[in-house]
Amino acid sequence: MKHSLLQRPDFGMVRVEFESVGETIVAEAGAMVARDTGIAMKTSMRGGLLAAAQRSLLGGESLFMNTFSSTAPGQTIYFAAAPEGDIVHRRVAKGETLYAQSGSFLCAGPGVILDTKWQGMRGFFSGEGLFLLRVTGEGDLFLASYGGIHEIDVARGYVCDTGHVVAFTDGLDYRVRPVAGLKGLFFSGEGLVCEFSGRGQLLVQTRNPSTLAMFLHPFRRVRPRQ
C-alpha cells in the first residue's frame, strides 16, 4: 500500500494506492472522499460493541468504522477530515504507543489498534476531554488536525497550549497548569497549558478550535425575545 499527502497544510487529503489484491485500510465514518468503484467497503463496530462504544463515548470517535479492501492492484482511494487542516502520517512500530487527542484519528492500516486512556483529574482542566486515544499495534496511521501540524522533538521539557496538542509519544508525560500563575490564567489570554516532561515527540496544531469559537462569539446573531 502506497500513500501520498495532498493539499497540505490547509486542506489536507490522503491518497492511498493499493498494490495488491486484499489490502485494507480502516477509516473514520465519513472520511472517504472518493474511490475506485471496485474497492469493497464494509461497515462495522471495530473490536466489538464494547470497544467501539468506548472509543465513541470516551475517545470522540465514531461508533462505526469503514474498512476498504482492494480487489485489484492500482486501485486508489482518498480520505479527508472534517476540519480545515493538516494530515500527518506515522508508521506505528511494534511495541510503540502514541497518544492522540480525541477526534484526530482519520484512517489506519488494519494492524493499528485504537483504545482510550483515562487522563485522570487533569482531564477536567486540560480542555482535551477526560480521555485520550491510545494507539498501539503496527502499521500506517493518519492523524488530522485543525490547522497545520508541527512536530517537536522534546529532550527535557516543553510547554504547549492545551488546545494545540495533537499527539505525543509514550516517552512523554504532562501536567496541566496555568501559563503563569493565577494572574496569567485570567489576564494573559493564554489560559491553561500542558507542561511535558521526558523524552519523545510532540505534535502540535497551528490553530485552536476554542480560540476560534471565542473570536466568533461576539459576532453571533442573537434573536430578540418575543
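Above this text is the structure in question.
Everything numeric in this text was worked out from a predicted model, so none of it was measured.

Draft legend 1. Representation of the sheet that holds strand β5 (residues 40-44) in the model. Taken together, 6 strands build an open sheet; the order of strands is β5-β6-β3-β10-β13-β8 and the sheet is antiparallel. The two strands at the open ends of the sheet, each matched to only one other strand, are β5 and β8 (87-92). Within this sheet the neighbouring strands show an average axis-to-axis angle of 20 degrees, counted without direction. Examined bridge by bridge, β8 and strand β13 (residues 139-144) share 6 bridges and lie antiparallel to one another. Directly across from Val-88, in β13, lies its bridge partner Leu-143.

Draft legend 2. Spotlight on the packing of aromatic side chains. Summed over all chains, the structure comprises 5 aromatic pairs. Between Tyr-99 and Phe-168, the ring centres sit 5.7 Å apart and the planes meet at 35 degrees, which makes this aromatic pair tilted. With Tyr-99 in strand β9 (residues 98-100) and Phe-168 in strand β16 (residues 165-169), this pair connects stretches of sequence that are 69 residues apart. You can call Phe-168 buried: its relative accessible area is 5%. Relative to Phe-196, the ring of Phe-168 has its centre 5.2 Å away and its plane inclined at 65 degrees; by these criteria the two rings are edge-to-face. Of this pair, Phe-168 sits in strand β16 while Phe-196 sits in strand β18 (residues 192-198), and the two are 28 residues apart along the sequence. A relative accessible area of 2% places Phe-196 in the buried class.

Draft legend 3. View of the nonpolar core. Among the nonpolar cores identified, the biggest contains 18 residues, and Leu-98, Phe-105, Val-135, Leu-141, Leu-143, Ala-167 and Leu-203 are the most heavily contacted of them. Broken down by secondary-structure element, the contributors of at least two residues to this core are β8, β9, β10 (105-108), β11 (112-118), β12 (131-137), β13 and β16. Beyond its immediate sequence surroundings of up to four residues, Ala-167 is in contact with Leu-98, Tyr-99, Ala-100, Leu-143, Gln-201, Leu-202 and Leu-203. In this structure, Ile-25, Ala-31, Phe-142 and Ala-144 belong to the second largest nonpolar core, which totals 15 residues.

Draft legend 4. Summary view of the sheet that holds strand β4 (residues 32-35). Strand order across the open sheet formed by 4 strands is β1-β2-β7-β4, with antiparallel pairing between neighbours. A strand with exactly one partner marks an edge of an open sheet, and here the two such strands are β1 (2-6) and β4. Pairwise comparison of adjacent strand axes, ignoring direction, gives a mean angle of 20 degrees for this sheet. Note that β1 and strand β2 (residues 13-17) share 5 bridges and pair antiparallel. Its bridge partner being in β2, His-3 is matched across the sheet by Val-16.

Draft legend 5. Inspection of the environment of Gly-74 at higher detail. With respect to the secondary-structure elements, Gly-74 resides in the loop between β6 (65-69) and β7 (76-79). As a C-alpha pair, Gly-74 and Phe-18 span 56 residues in sequence and 5.5 Å in three-dimensional space. When sequence neighbours within four positions are dropped, the list of residues in contact with Gly-74 reads Glu-17, Phe-18 and Asp-36.

Rules of the game
Residues numbered from 1 in each chain as written. Predicted model: local features only at pLDDT ≥ 70, side-chain atom pairs only at ≥ 80, totals over all residues. Heavy atoms only, no water. Pairing = 2+ DSSP bridges. Helix = DSSP H or I, 4+ residues; strand = E, 2+ residues; numbered from the N terminus. Axes fitted to C-alpha atoms, helices over the stretch in contact; angles between N-to-C directions. Phe/Tyr/Trp six-rings, centres within 6.5 Å; stacked < 30°, edge-to-face > 60°. Buried < 20%, exposed > 50% of the residue type's maximum accessible area, 1.4 Å probe, protein only. Core = buried A, V, L, I, M, F, W, Y, C linked by side-chain atoms within 4.5 Å. Contact = heavy atoms within 4.5 Å.

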